[in-house]
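# Inside the fold
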Amino acid sequence: MTNSPSTIPLGQLLIAETNVRSKAYDPAGIARLADQIAAKGRLIEPLKGARASKRKVGIHDGGRRLTALQLLKDQGRLPESLSAGIPVIMDDDDRISQIETSIMSNERENFSPIEECKAFGILAGEGVTNTEIANRFGITERVVAQRLALADVHPEIIAAFEDDRIDLPKLQAYTFEPDQAIQLRVFNSVMSYTGPREIRRLLAETDMPVTSLIVQFIGLDAYRDAGGAVREDLFDEDASVCCDPALVRQLASDKLDDLAAQVAEEGWKWVEVHLDNAYQFTSSLKRIYPQSPTLTESASARVAELQAELQSFLERQDEIAEIADQRCEGSEESVVYNDEELDELETLADSEARVRQEIGDIQAPVYTDDQMANAGVVVTLHGTSPFITRGLVRSEDDVSDDACADGTEPDKQAPAKSALLGKGLAEDLNLAVQVSMQARIATDEATAFLLSTAWLASSVFGAVNTDKCLIYAAGIHFRGSTGVEVAAEAKIVEGFETWAEKLRGVTDLVAELSEWAPSSVRALHAFCAAQLYCRQALQASSRVSESHQRLRERLAYNVRDVVEISGEVLGRLTRAQLLDVLAECWPDGDVPQNAKKVELVALAAKHVGDWMPAQLLDDGAYGRVFADTAEVQE
């Protein structure tokens, strides 16, 4: 039963705490509503409220009408029928019901997403569970959790959303970190074009994405079973992270250790697990390769038998093709096989594959006991799978100079590695690292400040120091595409265009920047300082590499995260280099030594894993394909 309205003096009315409307009402809309009330001389619908104190009544439904009535009173236009008091239905409901009424009422009046989120937050603060909120408003509990998370974002970030300075996906990204201080720190450090994915990464820099290859290798269930916590992202399940990267790495190492124990049973002198940077270790060691086996009489007989069987399959395939060709002779149509022929061809193809596999297994090269007694194995991770590199010889285990590491004569030894990158490729790889390092510096204000200060000091004092190998002395300019796929390049290009557009037409930079928010000025400084970074000196001398290496370490820069060795890059290696790379990364593979270069590129793209030219991994190895070779080719 609905209560009859009570007449309450306007001066005793105020907007209640349980009224969830937090954003100021539109003045023009309030003015129009006031004119409508004045014209009618009354309220069409009473306000709803409850006692806030002995002399005050809080209105939880009707805040806009109350605001319009107060405007009419201030203007001296309050209708005579309302001068004695305003009709208010007094609710006896509890606070939770009042909040619910306010929510449903405001939904009719452009209730903003943030106001709805805050309203849910108020309900949660009153002790209402997510399940109860979901049931009251006909939504899922996940949606309730999402809205409560949005309500808990730092007020400055919410204000930026309400002022259209950031969009909803970016606001949602900040819910990934519940600590508002961290949210605000990241908010003040990012640029206007920074996307939700990068915001999440900055909020959880010490965590590990559940989509990372190493997590996929161990399995998320195994991580949870080991007690690992997962921070779920309410808006993007793929953005969730493992909160204990050390545990992830330990589980991965343990899994590789188990595999290493199995490999050790083969008889190798040593077996090591390298979870990271395996190539840097293996590239410093010599390699020996498996030898073609000496077949027993029975094995040779079996191979001959299989080859005869294989030949019969091939001849029968030719017969079927000839029969079909004769059937279609004189017709403009291409050869068409009937169903019976197609079935037989399929059976023959399966049999051919089986026979070839068996021949390959019998003739497969193997390591001898003597080889394994002098060499070892590295077990590492390639994508989401284990990767085993056999036949590695340490320097202390190397045989004398007059004999080869595998015990064969020198002229039978595997060919020496083709050492040098082409000049153009070396320059492109160098520029790829430069661009990706610039992108990293642009997000690290402290390092950017040090770099720009070093440049200023060098310019002012003319000091001769190693910093000159890191920075442009003059003529700073943006350089675009490198010809090598760089994950950060688009960010640099977009940042350059964004800042250039923002500064276009500015004649007094100091005056202009003084009007900017400090965070924007810092972001511009970091971006500009990043463009100071230059790797040109590395092309002339490897002696300057230490400064670059220290900068990599300071930025925690991992080239594998940002540079991709694509098929295009592999295609710029020589044929001999491709063979060496495949021998390095796919030692047990069947690589045809007489294959065309295009075929070797396809094989390399499939099997190289995380291999990279030594130049990308070591600032002192400019121009090198492998770590143990010399200078760049002219």
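Just so you know, these numbers come straight off a predicted model, no measurement behind them. (Residues numbered from 1 in each chain as written. Predicted model: local features only at pLDDT ≥ 70, side-chain atom pairs only at ≥ 80, totals over all residues. Heavy atoms only, no water.)

Turning our eyes to something else, we now look at the overall build of the protein chain. Secondary structure assignment for the protein chain yields 29 helices and 14 strands. Going through the 634 residues of the protein chain one by one, you find that 42% of them count as buried. Restricting the contact set of the protein chain to residue pairs at least 6 apart, pairs at least 24 apart contribute 71%. Split by element, the accessible area of the protein chain, about 33,400 Å² in all, is 50% carbon and sulfur. (Helix = DSSP H or I, 4+ residues; strand = E, 2+ residues; numbered from the N terminus. Buried < 20%, exposed > 50% of the residue type's maximum accessible area, 1.4 Å probe, protein only. Contact = heavy atoms within 4.5 Å. Areas by Shrake-Rupley, 256 points an atom, 1.4 Å probe, with all protein chains shown as cover.)

In this section: the sheet that holds strand 6 (residues 208-209). Spatially, the three strands line up as an open sheet ordered 6-8-7, and their pairing is antiparallel. The outermost strands of the open sheet, each flanked by one partner alone, are strand 6 and strand 7 (230-231). Here two bridges tie strand 7 to strand 8 (residues 241-242), and the two strands are oriented antiparallel to one another. If you follow Arg 231 over to strand 8, its bridge partner there is Val 241. (Pairing = 2+ DSSP bridges.)

In terms of nonpolar packing, the biggest core is built from 62 residues, with Val 563 and Trp 611 touching the most fellow members. For this core, the element with the highest residue contribution is helix 19 (residues 423-441), accounting for 10 residues. Core analysis: the next-biggest nonpolar cluster, separate from the first, contains 25 residues, Met 208, Trp 268, Val 377 and Leu 381 among them. (Core = buried A, V, L, I, M, F, W, Y, C linked by side-chain atoms within 4.5 Å.)

This paragraph deals with unusual backbone geometry. Located in the positive-phi region is Asp 164, a residue other than glycine, with phi close to 65°. Here Asp 164 lies in the loop between helix 8 (155-162) and helix 9 (168-174). Owing to a relative accessible area of 69%, Asp 164 belongs among the exposed residues under this scheme. Unusually for a residue other than glycine, Ala 556 sits at a positive phi of about 50°. Considering the arrangement of structural elements, one finds Ala 556 in the loop between helix 25 (545-555) and strand 14 (563-564).

This part covers the environment of Ser 351. Relative to the helices and strands, Ser 351 is located in helix 17 (residues 339-363). When the C-alpha atoms of Ser 351 and Glu 309 are compared, they prove to be 9.3 Å apart, with 42 residues separating the residues in sequence.

This part takes up the pattern of salt bridges. Within this structure, the stated rule accounts for 24 salt bridges. Between Arg 504 and Glu 501 there is a salt bridge, with the nearest N and O atoms lying 2.0 Å from each other. This pair shows no difference in class: Arg 504 is exposed, exactly as Glu 501 is. Taken together, the shared-partner salt bridges in this structure form one network comprising Glu 177, Asp 207 and Arg 231. (Salt bridge = Lys/Arg side-chain N within 4 Å of Asp/Glu carboxyl O.)

Bringing the pairing of strand 4 (residues 57-61) into the picture now. The element strand 4 is extensively covered by neighbouring structure, given that five of its five residues are classed as buried. Two elements, strand 2 (residues 13-15) and strand 4, share three bridges in a ladder whose sense is parallel. By the bridge assignment, Ile 15 is partnered in strand 4 with Ile 59. Taken together, the four bridges between strand 3 (residues 47-51) and strand 4 define a ladder with antiparallel strand orientation. Looking across to strand 4, one finds that Arg 51 is bridged to Val 57. Linkage of strand 3 to strand 4, two consecutive antiparallel strands, is achieved through a turn of five residues.

Attention now goes to the packing of aromatic side chains. Within this structure, the stated rule accounts for four aromatic pairs. Between Tyr 174 and Phe 187, the aromatic rings sit 6.0 Å apart at their centres with planes inclined by 70°, giving edge-to-face as the arrangement. Here Tyr 174 is found in helix 9, whereas its partner Phe 187 is found in helix 10 (residues 180-189), with 13 residues between them in sequence. Each of the two residues, Tyr 174 as well as Phe 187, counts as buried. Aromatic side chains Trp 611 and Phe 626 sit 6.4 Å apart centroid to centroid with 50° between the ring planes, which places their arrangement in the tilted category. (Phe/Tyr/Trp six-rings, centres within 6.5 Å; stacked < 30°, edge-to-face > 60°.)

What follows concerns the packing of helix 19 against helix 25. Between helix 19 and helix 25, the least distance of the axes is 11 Å, while the angle of their chain directions is 45°. As judged from the angle between their axes, helix 19 and helix 25 are oblique. The two elements helix 19 and helix 25 meet at a crossing, and its hand is left-handed. Facing helix 19, whose interface residues are Val 433, Met 437, Arg 440 and Ile 441, helix 25 presents Leu 551, Arg 552 and Leu 555. Of the residues in the contact of helix 19 with helix 25, the class split is five nonpolar, no polar and two charged. (Axes fitted to C-alpha atoms, helices over the stretch in contact; angles between N-to-C directions. Parallel < 35°, antiparallel > 145°, perpendicular 65-115°, else oblique. Left-handed = near helix turned anticlockwise from the far one by under 90°. Nonpolar A, V, L, I, M, F, W, Y, C, P; charged D, E, K, R; others polar.)

Between helix 1 (residues 27-40) and helix 2 (residues 63-75), the shortest axis-to-axis distance is 8 Å and the interhelical angle comes to 75°. By the criterion of interaxial angle, the relationship of helix 1 to helix 2 is roughly perpendicular. Contact residues: helix 1 offers Gly 29, Ile 30, Ala 31, Leu 33, Ala 34, Ile 37 and Ala 38, while helix 2 offers Arg 64, Arg 65, Thr 67, Ala 68, Leu 69, Leu 71 and Leu 72. A per-class count over the contact of helix 1 with helix 2 returns 10 nonpolar, two polar and two charged.

Quick look at the pairing of strand 3 now. Here strand 3 pairs with strand 5 (residues 86-90) via three bridges, running parallel. Each residue of the ladder has a partner; that of Gly 49, found in strand 5, is Met 90.

Below, the discussion takes up helix 1. In a regular helix each residue adds 1.5 Å, so 14 residues correspond to 20 Å; helix 1 covers 20 Å between its end C-alpha atoms and thus fits that length. All buried positions along helix 1 are accounted for by Gly 29, Ile 30, Leu 33, Ala 34 and Ile 37. The buried residues of helix 1 occupy an angular sector of 140° when projected down its axis, which confines them to one face. Exposed residues pointing more than 90 degrees away from the buried face of helix 1 are listed as Arg 32 and Ala 39. (Expected span 1.5 Å × (residues − 1). Arc of directions from axis to C-beta.)

The next subject is the sheet that holds strand 3. The strand order 1-5-3-4-2 describes an open sheet built from five strands, whose pairing is mixed. Unpaired on one side and paired on the other, strand 1 (6-8) and strand 2 mark the two borders of the sheet. Across this sheet, the average inter-strand angle for adjacent strands is 50°, counted without regard to direction. Sheet strands touched by helix 2: strand 2, strand 3, strand 4 and strand 5. Its angle to strand 2, the strand with the most contacts, is close to 130°.

A few words on helix 21 (residues 489-503). When the terminal C-alpha atoms of helix 21 are compared, their 21 Å separation across 15 residues agrees well with the 21 Å that a helix rising 1.5 Å per residue should span. Taken as a whole, helix 21 has its buried residues at Glu 489, Ile 492, Gly 495 and Trp 499. For helix 21, the buried positions fall inside an angular range of 125° around the axis, keeping them on one side. The outward face of helix 21, more than 90 degrees from its buried face, is lined by the exposed residues Ala 490, Glu 497 and Glu 501. Positioned one or two residues after helix 21, Gly 505 has a phi angle of 85°, which is positive.

Within the secondary structure, Leu 381 sits in strand 11 (residues 376-382). The class of Leu 381 is buried, set by a relative accessible area of 12%. Considering only alpha carbons, one finds Leu 381 and Leu 256, 125 residues apart in sequence, at a separation of 8.1 Å. In contact with Leu 381, other than residues within four places in its own chain, are Ile 214, Phe 217, Leu 256, His 274, Pro 386, Phe 387 and Asp 610.

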